[in-house]
Amino acid sequence: MPARVKSTVAEVPAHPAPRSGKARTILAGIAFLAALAILLSLGTWQVERLQWKEKLLADIAERRVAPPVTLGEIEAMAARGEDIEYRPVTVSGVFANNRERHFFATWRGQTGYYVYTPLQLADGRFLFVNRGFVPYEAKEPEMRKQGQLTGEQTVTGLARARLAEKPSSIVPENDLAKNIFYWKDLDAMAASTGIAADRLVPFFIDAGDAPNPKGLPIGAVTQFDLPNNHLQYAVTWYGLAAALVGVALYAVFRRKGDRPAP
């Protein structure tokens, strides 16, 4: 009889055990702490921004009612790197009406332009003054001839810092050919009127509410509506952190409740 062949079955090694529950718990804990730290840090950052914004608004409110200073004092502050925004200033000179620039704007729901006119100073330099708002149909100077002030004028208004760059990519490019500015590019305003950089005062002035003949331009158009939503943002981030803690606690207690009794 043929010899009986003894069959053997090779033992198949067991698959590696899945990651243990303890490892998953550790990873979940690390993710929870990282997310919580991020949310809390964002909330704290917004609180710090809130304090900064409230101080800024208080400083601006104080500046606006301060006595006006001379142009030289504002220039000295700017040279020292101090904030000149919304500081009252008085300056005298002659308006170069043939060089006015037009900044597209709305005023109390009406579309039109802010008229920026270079004021030639006694030393030959030019300072761009936002004389105020004119309606769309009064853009051209011949439509408001009486408002084209001649001779030496004294302007009292608020100093405004120049912009370093276009504030947003969605803002249109300035249309120099049509004399329409969508953002206050001081260098472009000056260059488009033939004013050399070394003869330009490096900031603006918003004229105050002194009336102009026939009411145009309408002065005192400075807007002080600075958004301050930092408290809302802080509450949102802290609220999300609290919700995350609540979800984590619910998961922990539910897991304990699902464990079989010994």
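Thresholds, definitions, all that
- Residues numbered from 1 in each chain as written.
- Predicted model: local features only at pLDDT ≥ 70, side-chain atom pairs only at ≥ 80, totals over all residues.
- Heavy atoms only, no water.
- Helix = DSSP H or I, 4+ residues; strand = E, 2+ residues; numbered from the N terminus.
- Buried < 20%, exposed > 50% of the residue type's maximum accessible area, 1.4 Å probe, protein only.
- Polar contact = N/O pair within 3.5 Å; in protein donor to acceptor, adjacent residues only side chain to side chain.
- Contact = heavy atoms within 4.5 Å.
- UniProt positions renumbered as here; feature names shortened; annotations may be inferred.
- Phe/Tyr/Trp six-rings, centres within 6.5 Å; stacked < 30°, edge-to-face > 60°.
- Lys NZ or Arg CZ within 6 Å of the ring centre and 35° of its normal.

Participant: Tell me what's going on with the side chain of Glu100, and back it up with residues and numbers.
Facilitator: Secondary-structure assignment places Glu100 in the loop between strand 2 (88-95) and strand 3 (101-107). Classification of Glu100 as buried rests on a relative accessible area of 3%. Side chain to side chain, Glu100 and His102 meet in a polar contact 2.8 Å long. Not counting the four nearest positions on each side in its chain, Glu100 is found in contact with Val115, Tyr116, Thr117, Pro118, Lys139, Pro141, Arg144, Gln148 and Asn179.

Participant: Account for the UniProt feature "transmembrane region" (unreviewed entry) in the protein chain, naming residues and giving values.
Facilitator: The positions that UniProt labels "transmembrane region" (unreviewed entry) are, in the present scheme, residues 26-45 and 235-253. Annotated as residues 26-45, this span is 100% helix and 0% strand, and its ends, taken at the C-alpha atoms, are 28 Å apart. Secondary structure across residues 235-253 comprises 100% helix and 0% strand; the distance between its end C-alpha atoms is 27 Å.

Participant: Lay out the packing of aromatic side chains with the relevant residues and their values.
Facilitator: For the coordinates displayed, the defined rule picks out eight aromatic pairs. When the centroid spacing of 6.3 Å and the interplanar angle of 80° are considered together, the rings of Phe103 and Tyr116 count as edge-to-face. Of this pair, Phe103 sits in strand 3 while Tyr116 is found in strand 4 (residues 110-120), placing the two residues 13 residues apart along the sequence. As far as the burial class goes, Phe103 and Tyr116 line up, both buried. Centroid distance Tyr116 to Phe204: 5.4 Å. Interplanar angle 75°. Geometry classified as edge-to-face. Residue Tyr116 is found in strand 4, and its partner Phe204 is found in strand 7 (residues 203-207); the two are separated by 88 residues along the sequence. Pairwise contacts between aromatic rings join Phe103, Tyr114, Tyr116, Phe133 and Phe204 into one cluster. Seen from the ring of Phe224, Arg64 lies directly overhead, with NZ or CZ sitting 3.6 Å from the centre. We note Lys184 situated over the ring of Phe204; from NZ or CZ to the ring centre the distance is 5.9 Å.

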